[in-house]
Amino acid sequence: MAQDDKAQDAMNADFDPAALEAFLGGRFGEGQMTLERIGGGQSNPTYFVDFGARRMVLRKKPAGPILRGAHAIDREFRVLEALAPTSAPVPKPVLYHDGDAPLGTPFYLMERLEGRVFHDCSLPGLSPDERRGIYLGMAEAMAKLHAVRPDEVGLGDYGKPGNYFERQIGRWTRQLRESPGERIPVLEAVADWLPQNMPADDGRVSIAHGDFRLGNLLFHPEKPEVIGILDWELSTLGHPLADLGFCSMTWHCSPDEYGGILGLDIAALGIPSQREFLDHYFAHAAPTAPLERFHLVFSLFRFAVIFVGIADRARAGNAASNNAADVAPLAGRFAERAMEIIGGARPW
C-alpha cells in the first residue's frame, strides 16, 4: 500500500490497516493490500479487502463497548460456512478470527462476489422484463435458503426450534411496552390482534434470514439470478413464512415508507404482483403452509416496533443514524398499514 493510501484508510477504518496487512501476510504470504470501507450504515463495519490476487470482504464487530450477544459475527460466519456447500447462494467464507488482536475486535473474511445490488425496489434503469426477472429471482433464492434442513448442515442448534411466532410476538410486544415513548394506539391494537390470530404451529423449521429483502441480495452482473444473500446478522432458526412475510412488505409500503412500491404502477414497470411473487416462491419452495394475513401483519408489527426503538434512541441522543428522528414516525405508518390489512381495506 502507498503511504497516502494507508493514511486515508487509517482515517476511514476503525482499526490500523497496517495491522490487518501484517495479519494477511502471515496467513497468505507476501502481497499488497488495498482497503475500502463500505456500507457506512451497517451496524457491523464492513470493508472490501484486496490482498494479492484475493478479493475479499471483511466484517467485524464495531469498536467500543457493545451489548452482550449483539454484533455476533461468529454466528454470521457459522451460517455462511454451513450454507456454502448447499444450493443457497452465499459468499464463500475464507476465515474467522476470534480475539481482539490485531484489529481490536473479532472479524471474518469472505470472498468478494462481483454483481449488482438494488437498493431501490422500483429498479430504475431496468426494462420491465428485467424487473420481473429480478423479483422472481429473489423468490427463487429465498426458496433455496428455506429448502436447507438446518440439522443436516450442522445448524440444528442455531436457535430455538418451534413456536417461532409465539416467541417473536412476546419479544416484540415486551419491547413495545417497555418503550419510554408516547403510546401509539394503533400499534397497541396490532399487538393485541396478533396472539389472537396466530396460526397453529406446523412444526416447520428453516434458517430464517431475518432481513430478507432486495437490498440484501447480490445479483449476477447480467442475469436475474441471486449469487449471494448478504447480511446475516439477524439470522436464526425460524419459520420460512417469517422471511416471506417480511419480503412481502414491499407491496404494502410506499416509496417514502422505507422504499416500498405501494402506489406505483407495478404492471407498467414489469414488477410482479404480490400474488405472482408468492406463487413463484411456493412453486420452488419445499412444502410449507400458505402465507396468511397474520404473517404480513406480524412483519409490519415487528418493523414498527423496530422504529419505536429508533425513536427512543433518537430522543436519548444515541441513535446510530443521523436521520433517526426523521424515520421514527414510520412506527405509526407501519402500524396503520397492518391495520389496513387486518380490516380488509387492502388485499394482501
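These notes cover the structure that comes with them. (Residues numbered from 1 in each chain as written. Predicted model: local features only at pLDDT ≥ 70, side-chain atom pairs only at ≥ 80, totals over all residues. Heavy atoms only, no water.)

Moving on: the pattern of salt bridges. Under the criterion given, the structure shown has 19 salt bridges. As a salt-bridge pair, Glu-276 and Arg-132 come within 3.5 Å of each other at their nearest N and O atoms. Remark: Arg-132 occurs in helix H4 (residues 128–147) and Glu-276 occurs in helix H9 (residues 274–284); sequence separation between them is 144 residues. You can call Glu-276 partly exposed: its relative accessible area is 35%. Linked through salt bridges whose partners overlap, the residues forming this network are Asp-256, Glu-257, Arg-333, Arg-337 and Glu-340. (Salt bridge = Lys/Arg side-chain N within 4 Å of Asp/Glu carboxyl O. Helix = DSSP H or I, 4+ residues; strand = E, 2+ residues; numbered from the N terminus. Buried < 20%, exposed > 50% of the residue type's maximum accessible area, 1.4 Å probe, protein only.)

How two aromatic rings sit relative to each other is given by the distance of their centres and the angle of their planes. A complete count under the given rule lists 19 aromatic pairs for this structure. Between Phe-15 and Tyr-47 the ring centres are 5.2 Å apart and the planes differ by 70°, which places this aromatic pair in the edge-to-face class. Here the residue Phe-15 occupies a position in the loop between helix H1 (3–12) and helix H2 (17–28), and Tyr-47 occupies one in strand S2 (residues 46–51), the gap between them amounting to 32 residues. The same class applies to Phe-15 as to Tyr-47, namely buried. (Phe/Tyr/Trp six-rings, centres within 6.5 Å; stacked < 30°, edge-to-face > 60°.)

Turning to its location among the elements, Glu-76 is positioned in helix H3 (residues 73–83). Under the relative-accessibility criterion, Glu-76 is labelled buried at 0%. The residues touching Glu-76, leaving out its near neighbours within four places in the chain, are Asn-44, Arg-59, Tyr-108, Tyr-158, Trp-232 and Glu-233. (Contact = heavy atoms within 4.5 Å.)

Considering the arrangement of structural elements, one finds Phe-107 in strand S5 (residues 107–111). By relative accessible area, which is 0% here, Phe-107 ends up buried. For the pair Phe-107 and Ala-18, spaced 89 residues apart in sequence, the C-alpha to C-alpha distance is 16 Å. When sequence neighbours within four positions are dropped, the list of residues in contact with Phe-107 reads Phe-23, Leu-58, Arg-59, Lys-60, Ile-73, Leu-95, Tyr-96, His-97 and Pro-102.

The 5 strands lie next to each other as S1-S2-S3-S5-S4, forming an open sheet whose pairing is antiparallel. The two strands at the open ends of the sheet, each matched to only one other strand, are strand S1 (33–38) and strand S4 (93–97). Going across the sheet, the axis of each strand differs from the next one's by a mean of 20°, ignoring polarity. Relative to S5, strand S3 (residues 54–60) runs antiparallel, the two sharing 5 bridges. Bridging across to S5, Arg-59 finds its partner in Tyr-108. Contacting S3, S4 and S5, H3 runs over the sheet at an angle of about 150° to S4. (Pairing = 2+ DSSP bridges. Axes fitted to C-alpha atoms, helices over the stretch in contact; angles between N-to-C directions.)

Let's shift gears to the packing of helix H5 (residues 164–177) against helix H6 (residues 185–196). Interaxial distance between H5 and H6 falls to 11 Å at its minimum, and their mutual angle equals 155°. In terms of orientation, H5 lies roughly antiparallel with respect to H6. Remark: the crossing between H5 and H6 carries left-handed chirality. Of the residues in H6, those touching H5 at Ile-169, Thr-173, Leu-176 and Arg-177 are Leu-187, Glu-188, Ala-191, Asp-192, Leu-194 and Pro-195. (Parallel < 35°, antiparallel > 145°, perpendicular 65-115°, else oblique. Left-handed = near helix turned anticlockwise from the far one by under 90°.)

Attention shifts here to H2. Between its first and last C-alpha, H2 extends 16 Å over 12 residues, near the 16 Å set by a 1.5 Å rise per residue. By the burial criterion, the buried members of H2 are Pro-17, Leu-20, Glu-21, Phe-23 and Leu-24. Across the axial projection of H2, the buried residues extend over an arc of 165°, all falling on one side. Seen from the buried face of H2, the exposed residues on the opposite side, beyond 90 degrees, are Ala-22 and Gly-26. N-capping of H2 is provided by Asp-16, with a side-chain oxygen placed 3.0 Å from the backbone N of Ala-18. Two residues or fewer past H2, Gly-29 is found with a positive phi of approximately 90°. (Expected span 1.5 Å × (residues − 1). Arc of directions from axis to C-beta. Polar contact = N/O pair within 3.5 Å; in protein donor to acceptor, adjacent residues only side chain to side chain.)

Right, let's talk about unusual backbone geometry for a bit. Note the cis peptide between Ala-101 and Pro-102, where omega equals 5°. Inspection of the secondary structure puts Pro-102 in the loop between S4 and S5. Notably, Asp-231 is not glycine yet its phi reads approximately 60°, a positive angle. Take Asp-231: it is sitting in the loop between strand S8 (226–229) and strand S9 (236–238). Judged by relative accessible area, which is 21%, Asp-231 ranks as partly exposed.

Take the nonpolar core next. Leu-83, Leu-194, Phe-212, Trp-232, Phe-277 and Phe-301 are the most contacted members of the largest nonpolar core, which totals 81 residues. A per-element tally of this core places helix H10 (residues 293–316) first, with 12 residues. What Phe-277 contacts, discounting residues up to four positions off in sequence, is Tyr-135, Met-138, Ala-139, Met-142, Leu-244, Cys-247, Trp-251 and Pro-272. The next biggest cluster of nonpolar side chains, apart from the first, holds 16 residues, and it includes Phe-15, Leu-35, Val-49 and Leu-109. (Core = buried A, V, L, I, M, F, W, Y, C linked by side-chain atoms within 4.5 Å.)

Summarising burial for S5: 4 of the 5 residues are buried, a large majority. Of the pairings in the sheet, the one linking S4 to S5 comprises 4 bridges and is antiparallel in character. Among the inter-strand pairings, His-97 is bridged to a residue of S5, identified as Phe-107.

Treat this as a map of the structure, not an account of what it does.
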